[in-house]
Amino acid sequence: MAYGHDWLVQSASFFWIFTLMLSESQSKRTQLYFMDESDCGNTKTVGGALVYSHSPSRGDYYPHDIDCQITFEAESGDFKLMMRVIEMDLPDRTATGKCNDALYVYDANTFLARAMEHAGGAGGLCGSLLPSTLKSTGPHLTVVFKTDSDGPVGRGFKFIITAYSEGSAVSGNSSSDQWYHSISPETPSLGNDIITSRDDKKSNNCGSSFECDNKMCIPMSLTCDGTDNCGDYSDEAGSGRAKCKEGAYYFHKPDLIVTNFQIERDLLQLLMNFEILQLIEEQILSAST
């Protein structure tokens, strides 16, 4: 099927606008990172982050020869970091259980520190067993993902990093204390959903931050963004303090994380196809001149 020049130009414009909106939305909400791309080797200052083992452009399975390190820093000095691994499929390990492909977690701003014992220690994390929630003692967590040059590969991992504090230690001047939208799961807002005042969600224990049902305090901007940053879904609920918009795909139960995983990856793949569309448009414009 042949497409005209106008269709290509309109499609390219749509994807460009959509990409800009994605970038703007992600800068204010849960950030998105992949541990096989340019994010590696950098320090990321976050309120919340959703991290995948690999980009959708790689396919369903992570590649060999990955060596990626990302240091996460809480956006406010009085916050710590919480890491929850919600998907894990790293099958390459020896008969004795030693990981050949592994995820390593360090309670520091460097991988030169001692690896966290609850994250497998020096041996790292692999297989399919999910670790318990990991919490930093300070504002930093460093995560390293390494794969070898051969052996089986799996679907990788997915984890959530959240800046948090416990009650009265939270500052009232978080950089994420702002207006926000309720949106569909783990995807950025397109600006079409209801806008809710942050004042509705303040609590005495957390100041201008959001108080989860489990009494943790998280940046206000992380509510109703489709990612369970509290760890108990209270920041995505249609009732309670969050009051996310009905029908905005807030979480009712944990299995919705799995349900929406493929939707998210399909959306990311669609955005990456924009570059191909842009090249086609340039070729048509060049041929017509």
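Report follows, based on the coordinates. (Residues numbered from 1 in each chain as written. Predicted model: local features only at pLDDT ≥ 70, side-chain atom pairs only at ≥ 80, totals over all residues. Heavy atoms only, no water.)

**Description of the pattern of salt bridges**
Tallied over the entire structure, the rule returns seven salt bridges. The salt bridge involving Glu117 is made with Arg114; its shortest N-O contact spans 3.2 Å. With a relative accessible area of 69%, Arg114 lands in the exposed category. (Salt bridge = Lys/Arg side-chain N within 4 Å of Asp/Glu carboxyl O. Buried < 20%, exposed > 50% of the residue type's maximum accessible area, 1.4 Å probe, protein only.)

**Topic: unusual backbone geometry**
Non-glycine residue Cys224 carries a positive phi angle of around 55 degrees. In the Ramachandran plot, Lys243 falls in the positive-phi region, its phi being about 50 degrees despite a non-glycine side chain. Within the element layout of this structure, Lys243 appears in the loop between β14 (216-218) and α2 (255-272). (Helix = DSSP H or I, 4+ residues; strand = E, 2+ residues; numbered from the N terminus.)

**Overview of the environment of Pro139**
The residue Pro139 is located in the loop between β7 (134-135) and β8 (140-146) in this model. In this structure Pro139 comes out as partly exposed when scored by relative accessible area, which is 28%. Beyond its immediate sequence surroundings of up to four residues, Pro139 is in contact with Phe72, Glu73, Ala74, Phe79 and Leu81. (Contact = heavy atoms within 4.5 Å.)

**Thoughts on the pairing of strand β9 (residues 156-166)**
Summarising burial for β9: 10 of the 11 residues are buried, a large majority. Pairing geometry for strand β3 (residues 48-52) and β9, over five bridges, is antiparallel. Across the sheet, the residue bridging to Ala49 is Ile161, located in β9. Bridging between strand β5 (residues 80-89) and β9 involves nine bridges; their strand directions are antiparallel. Paired with Asp89 across the two strands is Gly156, which belongs to β9. (Pairing = 2+ DSSP bridges.)

**Topic: the nonpolar core**
Counting 37 residues, the largest nonpolar core has Met35, Phe72, Met83, Leu103, Phe159 and Ile161 as the members making the most contacts within it. When residues of this core are traced back to their parent elements, those giving at least two are β3, β4 (67-74), β5, β6 (102-106), β8 and β9. If you look at the next biggest cluster of nonpolar residues, it comprises 12 residues, including Cys212, Ile218, Cys224 and Ala242. (Core = buried A, V, L, I, M, F, W, Y, C linked by side-chain atoms within 4.5 Å.)

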